Structures are given as C-alpha cells and as structure tokens.
Amino acid sequence: MEVRGLVKNFGETRALDGVDLDVREGTVLGVLGPNGAGKTTLVRILSTLLRPDAGTAVVAGYDVVRQPRQLRRVIGLTGQYASVDEKLSGRENLYMIGRLLDLSRTVSRARADELLERFSLTEAAKRPAQQYSGGMRRRLDLAASMIGRPAVLYLDEPTTGLDPRTRNEVWGEVRGMVDEGVTVLLTTQYMEEAEQLADELAVIDRGRVIAGGGIEELKAKVGGRTLQIRPADPGALRHMARALAEAGPRGSSDTVIDASEGLLNVPISSDEQLTAVIGVLGARGFPVAGIGTHLPSLDEVFLAITGQKASTPQADGPAPGDAPENARRAEDDHHQEVPA
Ligand SMILES: Nc1ncnc2c1ncn2[C@@H]1O[C@H](COP(=O)(O)OP(=O)(O)O)[C@@H](O)[C@H]1O
Ligand SMILES: [Mg+2]
C-alpha cells in the first residue's frame, strides 16, 4: 500500500490533510487516532467508497481512483459498524455475500461453511443474526470480509464498543487472518490494540500523520525507560535506594520504591546509566533476584506526541497537556526481561 499526499475535504472540514503511508505486504499497519482524526475517511478512500480531493493511493498494485473495479476484487472491509443483515442467519449472510461476489452457489455454500467453522459460528449458523451477541456479530463481520479471499483487509475500529473478553477474541481472529498472509490496515483508538496487532504504527490526528514507525521505535522516541530491580531481600529496598542516591549515576536519586511489588524503579535515559546502576548495586553487595526495563505505554507516547505538536507555533491543536478525548491509561505490561 502506497499512499501519498491524500487530501479530503467535507465542506469546511479538512478530514485528511496530506496523508502519506506505506504498508508492506503481509504486515499490519495500525492507524491510531482519536475520534474525528480521519481514520474512517482514509479507509473509505482506500476501499474506493470515496474519492480523494488530492493525492494518490496504490493498493495491491491498483490505483484507488483509476482502477476501482480491479481493486475491489482484492480487498475486504470490516466497517466501524456491524453490517450484517439482522433478518438473515449467519450462514445466509455469508452465502449472500458469496453470491454478490459472483461465486457459484456451490462455492458460496462451501465458503460460508468453511468460514462459519473458522470463526466458531457453526453452532449459531442457522440462527438469525439479530440473536447474536456483539462478539458473534463482529466475528460474522470478519468472516464476511474474508469471503472473497482478500489480499488486503481494512478493519475500521474492529473492537470499539466490545467488552474486554470479546475484544481478545477478535484480536485472536485478526492474528489468524494475518497468519494466512493478509495485509491489514487497522484503525483503532486503543493504544493496547495497536500494540497487540500492529507491526508498524501511524499516529493520526486532525487528518495528519503526526508520528510513525515501529512500536518500540515510537516508544523509544518518547524516552523515559524505567529500570525495574527486584532485590532478593525485599527488606533491602530502602538501603538500595539510598546507595543509588549516594553513588548512582545522575537521575538515580529519583528512584521510586514500590514496596507492594517489592521493586525499585530507577529512571534511566541511556544504556550507560543502566550499566552504572547495576554496577553500584553489585559493588555494594546487594543480591538482586531480577531486573527488567519498562518502556512507556502507547498512550504515553500519544500524549507526548500531541503535546509536542500543540507546542509548535503553527499548530492549532489542543493546549499542551490536554488529554485526547479517548486516551485511556492502559496497564502496560511490556517488560523486557534481561538476565539478572
Ligand atoms: N460525510 C461527511 N460529511 C461531513 N463531514 C464528515 C463526513 N465524514 C467525516 N466527516 C468529518 O471529517 C472528520 C474525520 O472524520 P472520520 O474520518 O470519520 O474520523 P474518525 O474515523 O477518525 O473518527 C471529522 O471532523 C468528521 O466530522
Ligand atoms: Mg471512524
């Protein structure tokens, strides 16, 4: 997928303001942004449902404006709102889409059954979709987008409004589709979702990509790694913190003791500092049971980026420190354990 300078206006509203994106075959690009950022507009243009005012986009070798018919044959789309026919059963929904895609009756039937099985809907296959739970509906939606064996799949906020358990289920399904080799563009408001599914990220705000790259790379950009140390003896926490304040590298006097977890959290900004901290503890003879580094969560990344954007003179974004509407503080369990 190659997107260059995409612009779309709705009257006074500039929904897309020059978007550039690249997605490599077989990877997942997470397009992360708050409500109104332009995510759905982007997906609609890339799926030929909307014409851009300027810019170009080539998907799977087809130009979205000049070759829409060819492109439609190789893409799948799961929209932000479930689009199943309530009155039809799960099997009938999938069969109908197969027929709309010009598959024969026999092939449509076989493909429907195969996908019902694949998305754990076989038991509910004959029930009308209106009786399905939110998670089942979403699975039916995903199955529907897979009927035509798309090479490229757009998932527009696939788990918004779902409970955490169902969200996890959907993530599992998406991973399965990626394992089958599909290239995915996934939009989301959830940092955790992007982290779970995406290879690369594009953070989008007010129709512009404000940051992009690998997830670790984005996190590293914000800096602020924390070194977490677990002493063999929890009683040594305070002594260790004092030793670091006395003899540790710059910044280690800001060490935070987490007594309930039995951890010492030492802010570090370089590998040298990390080595120095370990060195001081070793030299003072404190036995250490485990150490790890903790990177900032994606919402911390987003806040840092939007904060930066707002502080530039030409930007008309939110005031520095303003939290984006939908930012939420996800528990970040991302630890990189290193041998003690
Ligand atoms: N059909 C439309 N007519 C007018 N404004 C629209 C239309 N679609 C989207 N917009 C506006 O464009 C901006 C981006 O919307 P959208 O792409 O839906 O964002 P997102 O999906 O990230 O929430 C918003 O300000 C929205 O109100
Ligand atoms: Mg949207």
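Report follows, based on the coordinates. Numbering of residues starts from 1 in each chain and follows the order in which that chain's sequence is written. Ligands are numbered from 1 and chains lettered from A, in the order in which they are written. Under the rules for a predicted model, residues below a pLDDT of 70 receive no local features and side-chain atom pairs below 80 are neither given nor counted, while totals for whole chains, interfaces and linings still include all residues. Hydrogen atoms and water are omitted, and side-chain values are computed over all heavy atoms in the structure.

### Considering the overall build of the protein chain
- Runs of E in the DSSP output that reach at least two residues are strands. Runs of H or I that reach at least four are helices, and both are numbered from the N terminus. Assigned secondary structure in the protein chain consists of 11 helices and 15 strands.
- Considering the protein chain as a whole, with its 340 residues, one finds that 47% of them fall into the buried category. Here's how the labels work: a residue is buried when its accessible area is under 20% of the maximum for its type, exposed when over 50%, partly exposed in between, all with a 1.4 Å probe on protein chains only.

### Describing the pattern of salt bridges
- Definition used for salt bridges: Asp or Glu carboxyl oxygen within 4 Å of a side-chain nitrogen of Lys or Arg. Applying the stated criterion to the full structure yields 17 salt bridges.
- Across the pair Lys 39 and Glu 157 runs a salt bridge, and its minimum N-O distance is 3.6 Å. Taken as a pair, Lys 39 in helix α1 (residues 39-46) and Glu 157 in the loop between β7 (152-156) and α6 (164-179) lie far apart in primary sequence, 118 residues in all. Each member of the pair, Lys 39 together with Glu 157, is buried.

### Observations regarding the site of ligand 1
- The immediate surroundings of ligand 1 are formed by Phe 10, Thr 13, Ala 15, Pro 34, Asn 35, Gly 36, Ala 37, Gly 38, Lys 39, Thr 40 and Thr 41.
- In protein, a polar contact means a hydrogen-donor-capable atom and an acceptor-capable atom, both N or O and within 3.5 Å, with residues adjacent in sequence counting only if both atoms are side-chain atoms; elsewhere, any N or O pair within 3.5 Å suffices. Measuring from an oxygen atom of ligand 1, one finds a side-chain N or O atom of Thr 41 at 2.6 Å.
- Note that accessible areas follow from Shrake-Rupley with a 1.4 Å probe, and for residues the cover is restricted to the protein chains shown. About the coverage of ligand 1: the protein hides 62% of its 550 Å² of free accessible area.
- In this classification, Asp, Glu, Lys and Arg are treated as charged, Ala, Val, Leu, Ile, Met, Phe, Trp, Tyr, Cys and Pro as nonpolar, and every other residue, Gly included, as polar. Looking at the shell around ligand 1, its residues break down into four nonpolar, six polar and one charged. Working definition: residue near molecule or strand if any one of its non-hydrogen atoms lies within 4 Å of it.

### What about the environment of Gly 292?
- Relative to the helices and strands, Gly 292 resides in strand β14 (residues 288-294).
- Since its relative accessible area comes to 2%, Gly 292 is described here as buried.
- Through-space distance from the C-alpha of Gly 292 to that of Arg 230 is 8.8 Å; in sequence the pair is 62 residues apart.

### Some details on the environment of Gly 134
- Mapped onto the secondary structure, Gly 134 falls in helix α5 (residues 134-146).
- Among the residues examined, Gly 134 registers a relative accessible area of 41% and is labelled partly exposed.

### Topic: the nonpolar core
- We call a set of buried Ala, Val, Leu, Ile, Met, Phe, Trp, Tyr and Cys residues a nonpolar core when their side-chain atoms join them within 4.5 Å. Judged by nonpolar contacts, the single largest core of 41 residues is most densely connected at Leu 94, Phe 119 and Val 184.
- Note on contacts: a residue pair qualifies if any of its non-hydrogen atoms lie within 4.5 Å across the two residues. When residues no more than four places from it in sequence are discounted, the contact partners of Phe 119 are Arg 139, Leu 142, Ala 143, Met 146, Glu 173 and Met 177.
- Counting 25 residues, the second-largest nonpolar core is a separate cluster that includes Val 3, Val 19, Leu 29 and Leu 42.

### Thoughts on the sheet that holds strand β5 (residues 62-63)
- A pair of strands is labelled paired if DSSP reports no fewer than 2 bridges between them. Strand order in the open sheet formed by four strands is β2-β1-β4-β5, and the pairing between neighbours is antiparallel. Every interior strand has two partners, whereas the edge strands, β2 (13-22) and β5, have only one.
- Summarising the sheet, strand β1 (residues 2-10) and strand β4 (residues 54-59) pair through four bridges and their orientation is antiparallel. Within the sheet, the bridge partner assigned to Glu 2 lies in β4 and is Val 58.
- Taken strand by strand, α1 contacts β1, β2 and β4, and its axis lies near 115° from that of β1. Axes here mean lines fitted to C-alpha atoms, for a helix over just the part in contact, with angles spanning 0 to 180 degrees between N-to-C directions.

### Some points on the packing of aromatic side chains
- Aromatic pairs are defined between Phe, Tyr and Trp rings, using the six-membered ring for Trp, whenever the two ring centres lie within 6.5 Å; interplanar angles under 30 degrees are classed as stacked, those over 60 as edge-to-face, and all others as tilted. Evaluation of the coordinates by the stated rule reveals zero aromatic pairs.
- Either the NZ atom of lysine or the CZ atom of arginine qualifies as a charge over a ring when it sits within 6 Å of the ring centre and within 35 degrees of the ring normal. When the ring centre of Phe 119 is taken as reference, the NZ or CZ atom of Arg 118 above it lies at 4.6 Å.
- In this arrangement the basic side chain of Arg 167 is found over the ring face of Tyr 190, its NZ or CZ atom lying 4.0 Å from the centre.

### Some words on helix α4 (residues 105-118)
- Taking 1.5 Å as the rise per residue, α4 with 14 residues should run 20 Å; its terminal C-alpha atoms sit 20 Å apart, in good agreement.
- All of the buried residues in α4 are Ser 108, Arg 111, Ala 112, Leu 115 and Leu 116. Buried positions in α4, seen along its axis, are confined to an arc of 135° and lie on one side of it. What points out from α4, more than 90 degrees from its buried face, is the exposed set Thr 106 and Glu 117.
- Check the buried side of α4 and you find it contacts α3 (90-100) and α5.
- In the segment just after α4, Ser 120 is the residue with positive phi, at about 55°. A helix is expected to reach a length of 1.5 Å times the quantity of its residues less one. Throughout, the arc means that of the directions going from the helix axis to the C-beta atoms.

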